[in-house]
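Observations on chain architecture
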Amino acid sequence: MIRDKVKLANKTGLNTRSAKEMNEVYQGVPVSKGIVIGKVYKYLKEELIIEDYPISEEEVLTELEKLEEARQRANRFLKEIKEKAASELGSEETKIFDAHISMLNDPVVYGEMKDLIKKEKINAGAAVKKAIQRITDKFSRMDNEYFKERIKDIQDVGNHLLRALTGEITSLQNLPEDSIILAEDLTPSEIALIDKDRLKGLILSKGGKTSHTVIMARGLMLPVIVNVEGILDKVGHGERVILDALSGEIVVEPDRELLDKYREKINKYYRRQQKLFRLKDKSATTIDGFTIGLSANIGTDEELRGVLEVNSEGIGLFRSEFLYMNTEELPDEEKQFKVYREVVEEMAGKPVIIRTLDTGGDKGLPGLELPDELNPFLGWRAIRISLERRDIFKTQLKALLRARYYGNLKIMFPLISSLEELREAKRILKEVKGELDRAGIPYDPDIEVGMMVEVPAAAILADIFAREVDFFSIGTNDLIQYIVAVDRTNDKIANLNTPYHPAVLRVIKEVVEAAYRAGIWVGICGEAGGDSLLTPFFIGLGVNELSMSVGAILEIKDVVRQLKREECKGIVEDVLKLSTAEEVKEYLTEVRKKKSYEI
Ligand code: PEP
Ligand code: MG
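Residues numbered from 1 in each chain as written. Chains lettered and ligands numbered in written order. Predicted model: local features only at pLDDT ≥ 70, side-chain atom pairs only at ≥ 80, totals over all residues. Heavy atoms only, no water.

**Looking at empty space enclosed by the protein**
- In total, this model carries two cavities of 30 Å³ or more according to the counting rule given.
- In this structure, the second largest cavity occupies an estimated 30 Å³ of space.
- Taken together, M103, L104, V109, M113, I132, V157 and L161 form the lining of the second largest cavity.
- Mapped onto the lining of the second largest cavity, the elements with two or more residues apiece are helix 2 (95-104), helix 3 (107-120) and helix 5 (145-166).
- Residues belonging to the lining of the second largest cavity are distributed by class as follows: seven nonpolar, no polar and no charged. (1 Å grid on protein atoms, 1.4 Å probe; cavity = no way out; pocket = protein on both sides within 12 Å on 5 of 7 lines; lining within 4 Å. Points joined across faces, edges and corners; volume = space filled by probe spheres on them. Helix = DSSP H or I, 4+ residues; strand = E, 2+ residues; numbered from the N terminus. Nonpolar A, V, L, I, M, F, W, Y, C, P; charged D, E, K, R; others polar.)

**Some points on the coordination of the magnesium ion (ligand 2)**
- All of the protein donors around the magnesium ion (ligand 2) are E454 (OE) and D478 (OD); their distances to the metal are 2.0 to 2.1 Å. Note that E454 is positioned in the loop between strand 13 (449-453) and helix 15 (456-460) and D478 in helix 17 (residues 476-484), a separation of 24 residues in sequence. There is no split in this pair, since E454 and D478 are both buried. (Donors = N, O, S within 2.8 Å, 3.2 Å for Na, K, Ca; no water. Buried < 20%, exposed > 50% of the residue type's maximum accessible area, 1.4 Å probe, protein only.)

**Examining the sheet that holds strand 16 (residues 545-548)**
- Strands sit in the order 9-10-11-12-13-14-15-16 around a closed barrel of eight strands; the barrel is parallel. Across this sheet, the average inter-strand angle for adjacent strands is 25°, counted without regard to direction.
- In terms of strand pairing, strand 13 meets strand 14 (residues 471-474) through four bridges, oriented parallel. Paired with V453 across the strands is I474, a residue of strand 14.
- Where helix 20 (residues 553-560) meets the sheet, its contacts fall on strand 9 (293-298) and strand 16, and the angle it forms with strand 9 comes to roughly 160°. (Pairing = 2+ DSSP bridges. Axes fitted to C-alpha atoms, helices over the stretch in contact; angles between N-to-C directions. Contact = heavy atoms within 4.5 Å.)

**A word on helix 9 (residues 256-277)**
- With 22 residues, helix 9 extends 32 Å from end C-alpha to end C-alpha; this agrees with the ideal 32 Å at 1.5 Å per step.
- Buried within helix 9 are the following residues: L258, L259, Y262, I266, Y269, R272 and L276. For helix 9, the arc enclosing every buried residue in end-on projection is 150°, short of the 170-degree limit, so these residues lie on one face. Seen from the open side of helix 9, the exposed residues pointing more than 90 degrees away from its buried face are R256, E257, E264, K268, R271 and Q274. (Expected span 1.5 Å × (residues − 1). Arc of directions from axis to C-beta.)

**Here we look at the packing of aromatic side chains**
- Taken as a whole and judged by the stated rule, the model has seven aromatic pairs.
- Taking the centre distance of 6.0 Å and the plane angle of 65° together, the rings of F537 and F538 count as edge-to-face. We note that F537, like F538, is buried.
- Aromatic ring contacts, followed pair by pair, group F337, Y405 and Y406 into a single cluster.
- It is R71 that lies over the ring of Y110; its NZ or CZ is 4.7 Å from the centre.
- Note that R565 overlies the ring of F290, its terminal NZ or CZ placed 4.5 Å from the centroid. (Phe/Tyr/Trp six-rings, centres within 6.5 Å; stacked < 30°, edge-to-face > 60°. Lys NZ or Arg CZ within 6 Å of the ring centre and 35° of its normal.)

This is the structure we're talking about:
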């Protein structure tokens, strides 16, 4: 007897907007750039209601068989959508489906479902729900964005299984032309099912910046706005909207005048993108001949494609902790070596700065238990962990040294706050070199070693640190949070988290000057490095490199090429006389207006 039931409740609002409600604007967070005009395809997920009920001993076998059949059906379904995604997006983008397939067949997860049927004597649907709930609870207890995002994946897998149990599947196929999907959130498999020729963009009332859905959408160059409050109840199916994923605005039922204005903005945006792409082989040199390096920040080797496409001059920050994030066990030397080697080989001699493990704070790892701390950002984090867990640190250093043999790799230590830490890290590096020597493994003994300047203590003592490293990379994300005392993850005080704070800019100036005096190279790899308002300030200071997300590189290059270093020096002087972040921002905005360079 099949008692699992599905209730379909795909509610779509009607277009009942009156003329006076035209041009209504909603604000969200743009996470994948672009501007498009289209019609809302409101997608409220079908509510899947599965009854839970006890079963008798005799029914156990039947429920186990039902579960097994469902697993096989869900497997076939996932393989199909994976192939569909591969043909539309390329094989790189299908890794998420491999992950879903392996989650679906994971012996622990599947074993738990079977155990629940056998031991708790509950039906297959109830067992699937319970097992998925347990994993979800476990992931949400981890204080880690990565695992929070993975909750959606595991729930997605659970839903496939439940739908397979009931014989239902979700569909987002047959969208009308020029659809802009409006949903609470979407799963990667839902994105894969959509006919991309008809899809123009996504508006998600929730959504996360690092979710796989957003990553896939970026790969598809689909404009996306997330975290749009109140929109789901107010905007109906079929309504015309402008999705401006540059400003984060959504205009509902725009009138003719506004439509014309946005059409112009759209044309301008695409003309600009084409123009920017032509800069990819040009250097970031000011009108008066000052050249600044522009490099990419990456977290995984998968991001290399974009780096190569814009012909980035190097990788200014490889956040190696991402390598440790999707495995239950810490990656061994061989696994790390392979990734580092691939990255430096692909970059073909261009510099690649790999930062040693920076976990703790807001980044936990499945393979390393972190203590519960009252102030994790002030706690056991980054180099502090590496210096205590030497096994982990030495494994990483060995892999890095070995990979140096294949390309221009440099090592960087995060969160250095005292000279003792830096010296100890370097001493361990020396120890590892000795071990490689004894084992006869080739590496470059002169590998460059740098440090992040992201703790005020290190910034204040920059002249002292500069004597003991080959380079500095200023991490503005942490530097701001520690100078201004503003938790970088706390939305409530996000207004205080600004790179324009005069205290932050003064500290940056001191660090750059200390580097100059010591004759070492200095870069900026925090988010401020990709902020075009600050580019004249950094040029004026004479920063050697700005490292940023790949998408910002050509835009910043364009700005650099319209500046004069001599004028930028004056901008630095002016900025440093200002007293508030507001004044600095206003001043830099004025500079941009006066120079009238496009952004
Ligand atoms: C920084 O703190 O600015 C930085 C680049 O490192 P992360 O954002 O990884 O802490
Ligand atoms: Mg940092």
